[in-house]
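Below, each chain spelled out in residue letters.
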Amino acid sequence: MLIKSKLVIEMDKTKKTVRTRDFIISTDGLLFASTNYIHPEDRIICFLRYIPDENGDREKDGIRYSKVGSEEAYAYLRENHPDYLYFCDVTNVEMMGVPIDKVERIIKPEERLKGLRETYYESINEKVKNGEDLDYKEELLSKLFDLSDFFHYVAGINYDDLGISGSILPGLQKAGTSDLDFVVYGLENHRNAIKAYKDNKDKAVFIDELDKSITLNRINDDFWDFVYDKRIKDDSLTKEEFAWYEERKSNRGLIRETLFDILATRNYDEIEGTWGDTVYEPEGFAKVNCTIKSALGAFDNPAVYTIEDVEILEGPDIEISELASLTHTYAGEVIDGEEVVARGKIEKVLKNGEFEKYRILVGTTRESLNEYIKLSTKDTASGILHKGGCI
């Protein structure tokens, strides 16, 4: 759904409309991804993903774009558009946010998927049925449509609760590199989607209503180098560790040699709170050993784990009761009862001005350098990971 700011952006409506994984196109032609469910009065909390660049490797409507990482995004805005940066009084750090008067359009994953299905579903399926060749865009959309059909029929999720984010959302997909950032709305729906994939990996699932089979595969060895290099930018996880966790949590796979992620976003009735009622004050960094008490929110954004039996390995001697991750590399990483080691930024959490808890936040940059959540000990096919160490 494209929402023109001059017509419908009333502040209250905007804040209710924009959810995690929506994209915002600014009046300066910058493309941001929303990173929050709740936003302040004057801007939308988000992160810069694509910038206009005459030498960029992606193109739409005659304009070329480049994808940017964390450091490049901050440096670009600081030099060219400093009004998109501000010191946030909730997180107490510098953040990105599109000012309300700079919002040109909001693109929503669920509406994008619906529009693509209405426009291309029948024609692409007809070409497949007739054995005709598909171009790159059609082939990628065919895989997207099969994903949505699989989670609709196998997991029982309404099409209205499914969407597509990532490069396809603004139409900047790139041949040979774009994957499928598939969004499932509603935390219970997301759990059902994960289960449906986990129970049917590498199986040809026949769907009577469509008179066809759909196969979702586990990631094979040929893809692990690519996925690992894309997600991990330091030595916090070895490739063997990363592959072990990813296979276990079952939120990433392959459909006809294209990678897909199963991402969770809350339904509107699951979103609680107002901007500013919870404040996060940075208190340095810490490394801890702990036990996972509850991983109920492990696939939310941020991913949240409540913890107990905490041993401080590095950092101040305080009582830490929660781990949170802003990067989905560490979403779903561990489960109830497991002993883990984690390193990240300490935050003091204040609720309506009163102290609530201390937590460790992982993913303070998109690359999560030297920040992680992983098992303290575990067995893998490659050997044993010893406490806090590597294979």
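Residues numbered from 1 in each chain as written. Predicted model: local features only at pLDDT ≥ 70, side-chain atom pairs only at ≥ 80, totals over all residues. Heavy atoms only, no water.

### Structural notes on the overall build of the protein
- Along the protein, the regular secondary structure elements total eight helices and 22 strands.
- Taking 2.2 N^0.38 as the reference for a compact globule, 391 residues should give roughly 21 Å; the C-alpha atoms of the protein span a radius of gyration of 21 Å, in line with that estimate.
- Taking the principal axes of its C-alpha atoms as reference, the protein extends roughly 65 × 55 × 40 Å.
- Taken across its 391 residues, the protein has 52% of its residues classed as buried. (Helix = DSSP H or I, 4+ residues; strand = E, 2+ residues; numbered from the N terminus. Rg over C-alpha atoms; globule rule 2.2 N^0.38 Å. Buried < 20%, exposed > 50% of the residue type's maximum accessible area, 1.4 Å probe, protein only.)

### Concerning the sheet that holds strand S10 (residues 180-185)
- Spatially, S9-S10-S14-S13 is the arrangement adopted by the four strands of the open sheet, whose pairing is mixed. In the strand order of this sheet, the two ends are held by strand S9 (162-165) and strand S13 (252-255), each with one partner. Along the sheet, successive strands turn relative to each other by an average axial angle of 35°, direction set aside.
- Bridge analysis of S13 against strand S14 (residues 258-265) gives four bridges, and the strand direction is antiparallel. Bridge pairing in S14 links Leu 254 to Leu 259.
- Contacts from helix H4 (residues 109-129) reach S9 and S10 within the one sheet, and its direction differs from that of S9 by about 100°.
- Strands S9, S10, S13 and S14 of the sheet are contacted by helix H5 (residues 136-153), whose axis makes an angle of about 25° with S10. (Pairing = 2+ DSSP bridges. Axes fitted to C-alpha atoms, helices over the stretch in contact; angles between N-to-C directions. Contact = heavy atoms within 4.5 Å.)

### A few points about H5
- The terminal C-alpha atoms of H5 lie 26 Å apart, and with 18 residues this matches the ideal 26 Å at 1.5 Å per residue to within 8%.
- Most of H5 is tucked away, with 13 of its 18 residues classed as buried.
- One side-chain oxygen of the residue at the start of H5 lies 3.2 Å from the amide nitrogen of Lys 137, identifying that residue as Asp 135. (Expected span 1.5 Å × (residues − 1). Polar contact = N/O pair within 3.5 Å; in protein donor to acceptor, adjacent residues only side chain to side chain.)

### What about the environment of Glu 319?
- Structurally, Glu 319 is set in the loop between strand S16 (303-314) and strand S17 (320-325).
- The sequence separation of Glu 319 and Phe 226 amounts to 93 residues, and the corresponding C-alpha distance is 39 Å.

### Quick word on the pattern of salt bridges
- Evaluated as defined, the whole model comprises 33 salt bridges.
- Residues Asp 83 and Lys 102 are paired through a salt bridge, measuring 3.1 Å at the closest nitrogen-oxygen approach. Of this pair, Asp 83 sits in the loop between helix H3 (70-80) and strand S6 (85-87) while Lys 102 sits in the loop between strand S7 (94-99) and strand S8 (103-107), and the two are 19 residues apart along the sequence.
- One salt bridge connects Asp 146 with Arg 256, and the closest N-O pair in it is separated by 2.8 Å. (Salt bridge = Lys/Arg side-chain N within 4 Å of Asp/Glu carboxyl O.)

### Some remarks on the confidence of the model for the protein
- Confidence in the prediction for the protein averages 90 pLDDT; 92% of positions are at 70 or higher.
- Across residues 1-15, confidence stays below pLDDT 50; counting only partners more than four residues off in sequence or on other chains, it has 29 contacts. (pLDDT = per-residue confidence, 0-100.)

### Observations concerning the nonpolar core
- Formed by 36 residues in total, the largest nonpolar core has its most connected members in Ile 292, Tyr 305, Leu 323 and Ile 373.
- Examining the composition of this core, we find that five residues originate from one element, strand S15 (residues 278-297), more than from any other.
- In this view, Leu 323 contacts Cys 290, Ile 292, Ala 303, Val 304, Tyr 305, Ile 307, Val 340, Ala 342, Ile 360 and Ile 373; residues no more than four positions away in its chain are not counted. (Core = buried A, V, L, I, M, F, W, Y, C linked by side-chain atoms within 4.5 Å.)

### Thoughts on unusual backbone geometry
- Following Asn 301, the chain continues into Pro 302 via a peptide bond in cis, with omega recorded as 0°.
- Position of Pro 302 among the secondary structure elements: in the loop between S15 and S16.
- Look at Asp 309: it is not a glycine, yet its phi comes out positive at around 50°.
- With respect to the helices and strands, Asp 309 occurs in strand S16.
- Of the residues examined, Asp 309 reaches a relative accessible area of 59% and is grouped as exposed.

### Describing the environment of Asp 181
- Tracing the backbone shows Asp 181 in strand S10.
- Given the relative accessible area of 18%, Asp 181 is considered buried.
- With 82 residues separating them along the chain, Asp 181 and Leu 263 place their C-alpha atoms 6.9 Å apart.
- Here Asp 181 is in contact with Gly 163, Ile 164, Ser 165, Gly 166, Asp 261 and Leu 263, once residues within four sequence places are set aside.

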